[in-house]
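A closer look at the structure
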Amino acid sequence: MSTAVKPNHIGRKISRIRELKDMKQEALAQALGVSQQSISAIENSETVDDEKLKQVANALGVTVEAIKNFSEEAVFNYFNNIYDNDFSYSNGAIQSNHCTFNPLDKLIEVYEEKEKLYERLLQSEKDKNEYLEKLLNGK
């Protein structure tokens, strides 16, 4: 008896997609208007008729092709490419996806710039007041 998994077992693919979407059989059954046992039977079936497959795909929020072409290896490759790559390629140029500065340093820098601006404005007002006092005292 062979324990090899058949690569095109549609029921298992439906089951894995449902699990990846964190959906229980009961929720899928309710969305399709069938019993939980019906979903279990579908997931244990090697093939599913096209109309039922289309309904399941709609309930899962995926296309029929996504179910037919689903593979765990592709899912892992997808997430590895998103999270493990430090760089992306755009128009032939390498672009880093990592932040190149410390956001806290930028926040402090902006705060210091605002503080300097405030001090300059304050000094300007003091200078204006001195000038006006001189004008008033000069009369």
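Residues numbered from 1 in each chain as written. Predicted model: local features only at pLDDT ≥ 70, side-chain atom pairs only at ≥ 80, totals over all residues. Heavy atoms only, no water.

Some thoughts on a negative patch on the surface
So the rule is basically this: Only residues above 30% relative accessible area that lack a salt bridge enter a patch, with like-charged residues linked at up to 9 Å and the nonpolar side chains Val, Leu, Ile, Met, Phe, Trp and Tyr linked at up to 5 Å. With residues, only the protein chains shown are counted as cover, and all accessible areas are computed by Shrake-Rupley using a 1.4 Å probe. Salt bridges are identified by distance alone: a Lys or Arg side-chain nitrogen within 4 Å of an Asp or Glu carboxyl oxygen. Residues counted as positive are Lys and Arg, residues counted as negative are Asp and Glu, and His and the chain ends are not counted. By convention, the charge on Lys lies at NZ, on Arg at CZ, on Asp at CG and on Glu at CD. Helix and strand assignments come from DSSP, with helices taken as H or I runs of at least 4 residues and strands as E runs of at least 2, each series counted from the N terminus. Burial here depends on accessible area, computed with a 1.4 Å probe over protein chains only, as a share of the maximum for the residue type. Under 20% is buried, over 50% is exposed, and the range in between is partly exposed.
Together, Asp105, Glu109, Glu112, Glu113, Glu115 and Glu119 make up a negatively charged patch on the protein surface. On the secondary structure map, Asp105 appears in helix H7 (residues 103–138). On the accessibility criterion, Asp105 (46% relative accessible area) is partly exposed.

Topic: the pattern of salt bridges
Inspection of every chain in the model, using the stated rule, returns 3 salt bridges. The salt bridge partner of Arg16 is Glu19, with a shortest N-O separation of 2.6 Å. Placement of the pair is Arg16 and Glu19 together in helix H1 (residues 10–20), with a separation of 3 residues, close to one helical turn. Linking Arg18 and Glu43 is a salt bridge whose minimum nitrogen-to-oxygen distance equals 2.5 Å. Residue Arg18 is located in helix H1, and its partner Glu43 is located in helix H3 (residues 36–44); the two are separated by 25 residues in the primary sequence. Both residues of the pair, Arg18 and Glu43, belong to the buried class.

Digging into helix H2 (residues 25–32)
Cut-off, in case you're wondering: Starting at the helix axis, one direction is taken to each C-beta atom, and the arc is that of these directions. Pairs of residues are marked as contacts when any of their non-hydrogen atoms sit within 4.5 Å.
When H2 is considered as a whole, its buried residues turn out to be Gln25, Leu28, Ala29 and Leu32. Looking straight down H2, one finds its buried side chains confined to an arc of 100°; they lie on one side. Turned more than 90 degrees from where H2 packs its buried face, Gln30 and Ala31 sit exposed. Residues of H2 that are buried make contact with H1, H3 and helix H4 (50–60). Phi turns positive, to about 75°, at Gly33, one or two residues after H2.

Description of the environment of Ile67
Mapped onto the secondary structure, Ile67 falls in helix H5 (residues 64–68). Among the residues examined, Ile67 registers a relative accessible area of 0% and is labelled buried. Between the C-alpha atom of Ile67 and that of Arg12, which follows or precedes it by 55 residues, the distance is 9.7 Å. Setting aside its immediate chain neighbours within four residues, Ile67 contacts Ile10, Lys13, Ile14, Ile17, Leu53, Val56, Ala57, Leu60 and Val62.

As for the nonpolar core
Taken as a class, soluble globular proteins show a tendency for nonpolar side chains to be buried jointly. Our working definition: Side-chain atoms within 4.5 Å are what join buried Ala, Val, Leu, Ile, Met, Phe, Trp, Tyr and Cys residues into a set we call a nonpolar core.
One finds Ile14, Leu53, Leu60 and Ile67 to be the most contacted residues of the largest nonpolar core, which totals 16 residues. Elements with a contribution of two residues or more to this core: H1, H2, H3, H4 and H5. Of all the elements, H4 adds the most residues to this core, at 4 residues. Apart from residues no more than four positions distant in its own chain, Leu60 is found in contact with Ile14, Ile17, Arg18, Lys21, Met23, Leu28 and Ile67.

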